[in-house]
Amino acid sequence: MNPSEWFSEISDELWPGQCFSVKIKKVLHEERSKFQDIKVFESESHGTVLVLDGIIQCTERDEFAYQEMISFLPLCCHPSPKKVLIVGGGDGGVAREVVKHPLVEEVHQVEIDDRVVELSKKYLPFMACGFESPKLKLTIGDGFEYMKQREGEFDVIITDSSDPIGPAASLFQESYFGLAKRALKPNGIICSQGGTFWIDQKHVRETLDHCRKHFPVVGYGVANVPSYPSGQIGFFIASTNDQTKLSEPATTFTDKEVDDMKLRYYTTEIHRTAFTLPRYAAKYLYDEK
């Protein structure tokens, strides 16, 4: 990458025939870690940008929308989310949001690539501040292996992964959802990054079906994030409690509480509407095949 050039997010595998581009103002860092290619640059329009294996993970301009929704949707679906596990999330953004929830007492995070953590602390301090919370314990390691050792431990598990290629591919398979279920306490909730139905309905439906094999209540919520493909991202959310109503939060917040937590996207009203999908998407994702 060179200053004054454009970074284009091109992937024939994930979103053929289209791309999202931002103009580079200053290249901050480039390296190849043990697991992936890492780039950090300052853009003309979106602030600091983190790129893994050629795919934008977050931009300073709109990262809060994703971080807040992947965190607060599952946390507020659970009546008492005291102990939380974050799988992935090496930039610290999800940790930053999870520790804000007033009922959360203990947060464990497992991230496979220590270089993402260290570079985020240096170049993305507005996100990596999540690592500073006394509620958080960070482990560098493999999320699969971590959960195998922790049966029935967590109220909520949040999987903040990159897209379903490369090191994150296994986090979208049926075996992962089965493992996550075993790591939950009774009435547990999981939430995972879920792509977008605008580009790959088949992947979203298949992943929902993987999840349905292990959980009685499964849903797909959405958030608007302009720098992601199609400008929208989804979340797979599931509960072990068949009485859970995902669109009706167990914990609600007043406007003052939202402001005190410095939330800029999530509200109780946004939570309720996040599960309302366009008719064509709802039919494809939820109708019996």
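Definitions and cut-offs
Residues numbered from 1 in each chain as written. Predicted model: local features only at pLDDT ≥ 70, side-chain atom pairs only at ≥ 80, totals over all residues. Heavy atoms only, no water. Helix = DSSP H or I, 4+ residues; strand = E, 2+ residues; numbered from the N terminus. Rg over C-alpha atoms; globule rule 2.2 N^0.38 Å. Buried < 20%, exposed > 50% of the residue type's maximum accessible area, 1.4 Å probe, protein only. Areas by Shrake-Rupley, 256 points an atom, 1.4 Å probe, with all protein chains shown as cover. Phe/Tyr/Trp six-rings, centres within 6.5 Å; stacked < 30°, edge-to-face > 60°. Lys NZ or Arg CZ within 6 Å of the ring centre and 35° of its normal. Salt bridge = Lys/Arg side-chain N within 4 Å of Asp/Glu carboxyl O. Contact = heavy atoms within 4.5 Å. Polar contact = N/O pair within 3.5 Å; in protein donor to acceptor, adjacent residues only side chain to side chain. Pairing = 2+ DSSP bridges. Right-handed = clockwise from strand over helix to strand, strands pointing away. Expected span 1.5 Å × (residues − 1). Core = buried A, V, L, I, M, F, W, Y, C linked by side-chain atoms within 4.5 Å. Axes fitted to C-alpha atoms, helices over the stretch in contact; angles between N-to-C directions.

Caption draft 1: Up close: the overall build of the protein. Secondary structure summary: the protein contains 10 helices and 12 strands in total. Expected size for 289 residues packed as a compact globule is a radius of gyration near 19 Å; at 18 Å, the protein falls within 12% of this value. When the backbone C-alpha atoms are referred to their principal axes, the protein occupies close to 55 × 45 × 40 Å. By the burial criterion, 56% of the 289 residues in the protein qualify as buried. Here the protein has roughly 12500 Å² of accessible surface; of this, 48% comes from carbon and sulfur atoms.

Caption draft 2: View of the packing of aromatic side chains. Under the counting rule described, the total for this entry stands at 12 aromatic pairs. With a centroid separation of 5.8 Å and an interplanar angle of 80 degrees, the aromatic rings of Y66 and Y228 are classed as edge-to-face. Of this pair, Y66 sits in helix α1 (residues 63-77) while Y228 sits in the loop between β11 (217-224) and β12 (232-239), and the two are 162 residues apart along the sequence. The burial state of Y66 is the same as that of Y228; both residues are buried. Put simply, the rings of F197, W198, Y220, F236 and Y280 pair up and form one aromatic cluster. Its guanidinium or amino end placed over the ring of Y146, R150 lies 3.7 Å from that ring's centre, counting from NZ or CZ.

Caption draft 3: Looking closely at the pattern of salt bridges. Tallied over the entire structure, the rule returns 17 salt bridges. Across the pair E97 and K100 runs a salt bridge whose closest N-O atoms are separated by 3.0 Å. Its relative accessible area of 1% is what places E97 among the buried residues. The shortest N-O distance in the salt bridge between K202 and E206 comes to 2.5 Å. Of the two residues, K202 and E206 both sit in helix α7 (residues 201-212), four residues apart, roughly one turn of that helix.

Caption draft 4: Fine view of helix α3 (residues 114-123). Those residues of α3 that fall on the buried side of the exposure criterion are V116, V117, L119, S120 and Y123. The secondary structure elements touched by the buried residues of α3 are β2 (19-32), β3 (37-43), β4 (48-52), β7 (106-111), α4 (125-128) and β8 (136-140). With a side-chain oxygen lying 3.0 Å from the backbone nitrogen of R115, the N-terminal cap of α3 falls on D113.

Caption draft 5: Expanded view of the pairing of β7. Within β7, five of the six residues are buried, leaving the element largely enclosed by the surrounding structure. With five bridges connecting them, strand β6 (residues 83-88) and β7 associate as parallel partners. In the strand pairing of β7, I86 is matched with Q109. In this region the chain leaves β6, passes through helix α2 (residues 93-98) and returns to the parallel neighbour β7; the handedness of that crossover is right-handed.

Caption draft 6: A look at α7. With 12 residues, α7 extends 16 Å from end C-alpha to end C-alpha; this agrees with the ideal 16 Å at 1.5 Å per step. Those residues of α7 not exposed but buried are H203, V204, R205, T207, L208 and C211. Summarising the contacts, the buried residues of α7 are in contact with α6 (174-183), β10 (184-193), β11, β12 and α10 (279-286).

Caption draft 7: Representation of the nonpolar core. Counting residues in each nonpolar core, the largest one holds 42 residues, and the members touching the most others are M69, L73, V98, F235, I237 and Y266. Counting only elements with at least two residues in this core, the list comes to α1, β6, α2, β9 (154-160), β10, β11 and β12. Listed in part, the 29 residues of the second largest apolar core include F144, F154, I157 and A281.

Caption draft 8: Quick look at the sheet that holds β3. With respect to topology, five strands assemble into an open sheet ordered β1-β2-β3-β4-β5, the strand pairing being antiparallel. In the strand order of this sheet, the two ends are held by β1 (6-10) and β5 (55-59), each with one partner. Strand-to-strand, the axes of this sheet are offset by a mean angle of 50 degrees, without reference to chain direction.

Caption draft 9: Main features of the sheet that holds β8. Sheet architecture is open: seven strands sit in the order β8-β7-β6-β9-β10-β12-β11, paired in mixed fashion. Lying at the two open borders of the sheet, with one neighbouring strand each, are β8 and β11. When the angles between neighbouring strand axes are averaged without regard to direction, this sheet yields 15 degrees. Bridge analysis of β7 against β8 gives five bridges, and the strand direction is parallel. Counted as the bridge partner of V110 is T139 from β8. α6 contacts β6, β9 and β10 of the sheet and is inclined by roughly 140 degrees relative to β10. Packing of α7 onto the sheet brings it into contact with β10, β11 and β12, and relative to β11 it is tilted by some 145 degrees.

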